[in-house]
Amino acid sequence: GLGDEATSAFAVAIRCVNELLGMKCVAAPLDWIAVVLYNTRDKTDTPGAFDNMVTLSGLDFASPQLIQRLEALASDDDFPFGHADVEVPLRDVFW
């Protein structure tokens, strides 16, 4: 479950996002959503991208494919984007 000690905070967060996406698919399929990871070592390779942020999904509709992608990412022991070498304050996201 979500309280298992072996479950990482990242995996719990991804499960929460997947729950939200699942609800959006059914209850509000025309709502636009985006999935952004914060405090990563890497950043999205697009003009204007912020350091320490990876965009997994730009604005789009919730879909089963996105849910499957996130589930695979949560179950991957080797986080492909890395963690930031220094703590990046959340206030920097909202400048």
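Throughout what follows, the structure given in this document is the object of discussion. (Residues numbered from 1 in each chain as written. Predicted model: local features only at pLDDT ≥ 70, side-chain atom pairs only at ≥ 80, totals over all residues. Heavy atoms only, no water.)

Observations regarding the overall build of the protein
Point 1. Check the secondary structure of the protein and you find three helices and two strands.
Point 2. For the protein, the spread of C-alpha atoms along the principal axes amounts to about 40 × 35 × 20 Å.
Point 3. Taking all contacts inside the protein whose residues are at least 6 apart in sequence as the whole, residues at least 24 apart take part in 61%.
Point 4. As presented, the protein carries roughly 6800 Å² of accessible surface, and 57% of it is formed by carbon and sulfur atoms.
Point 5. Placing the 6 positive and 15 negative side-chain charges of the protein at their respective mean positions leaves the two points 5 Å apart. (Helix = DSSP H or I, 4+ residues; strand = E, 2+ residues; numbered from the N terminus. Contact = heavy atoms within 4.5 Å. Areas by Shrake-Rupley, 256 points an atom, 1.4 Å probe, with all protein chains shown as cover. Lys, Arg positive; Asp, Glu negative; His and termini not counted. Charge placed at Lys NZ, Arg CZ, Asp CG, Glu CD.)

Thoughts on a nonpolar patch on the surface
Point 1. Side chains of L30, W32, L59 and F61 sit close together on the surface and give an oily, nonpolar patch of about 490 Å² of accessible area.
Point 2. In this fold, W32 is placed in strand 1 (residues 32-38).
Point 3. Judged by relative accessible area, which is 54%, W32 ranks as exposed. (Patch = residues over 30% accessible without salt bridge, like charges linked within 9 Å, V, L, I, M, F, W, Y side chains within 5 Å. Salt bridge = Lys/Arg side-chain N within 4 Å of Asp/Glu carboxyl O. Buried < 20%, exposed > 50% of the residue type's maximum accessible area, 1.4 Å probe, protein only.)

Overview of the pairing of strand 1
The two faces of the sheet receive side chains in turn, since in a regular strand these alternate between them.
Point 1. Residues I33, V35 and L37 point to one face of strand 1 and are all buried, whereas W32, A34, V36 and Y38, pointing to the other face, are not buried.
Point 2. When strand 1 meets strand 2 (residues 53-61), the two strands line up antiparallel, connected through six bridges. Bridged to W32 within strand 2 is F61. (Pairing = 2+ DSSP bridges.)

Thoughts on helix 1 (residues 9-27)
Point 1. For helix 1, built from 19 residues, the straight-helix expectation of 27 Å at 1.5 Å per residue is met to within 8% by its first-to-last C-alpha distance of 27 Å.
Point 2. For helix 1, the full list of buried residues reads A11, I14, N18 and L21. Each buried residue of helix 1 lies within a common arc of 80° when the element is viewed along its axis, so the set occupies one face. Turned more than 90 degrees away from the buried face of helix 1, the exposed residues are A9, E19, M23 and A27.
Point 3. Tucked inside the fold, the buried residues of helix 1 contact strand 1 and helix 2 (64-75). (Expected span 1.5 Å × (residues − 1). Arc of directions from axis to C-beta.)

Regarding the environment of D60
Point 1. Turning to its location among the elements, D60 is positioned in strand 2.
Point 2. As a C-alpha pair, D60 and W32 span 28 residues in sequence and 5.1 Å in three-dimensional space.

Topic: unusual backbone geometry
Point 1. Here the phi dihedral of N39 falls at roughly 70°; this positive angle occurs in a residue that is not glycine.
Point 2. Locating N39 in the fold gives a position in the loop between strand 1 and strand 2.
Point 3. With a relative accessible area of 26%, N39 lands in the partly exposed category.
Point 4. The residue N52 is not glycine, and still its phi comes out positive at about 60°.
Point 5. Take N52: it is sitting in the loop between strand 1 and strand 2.

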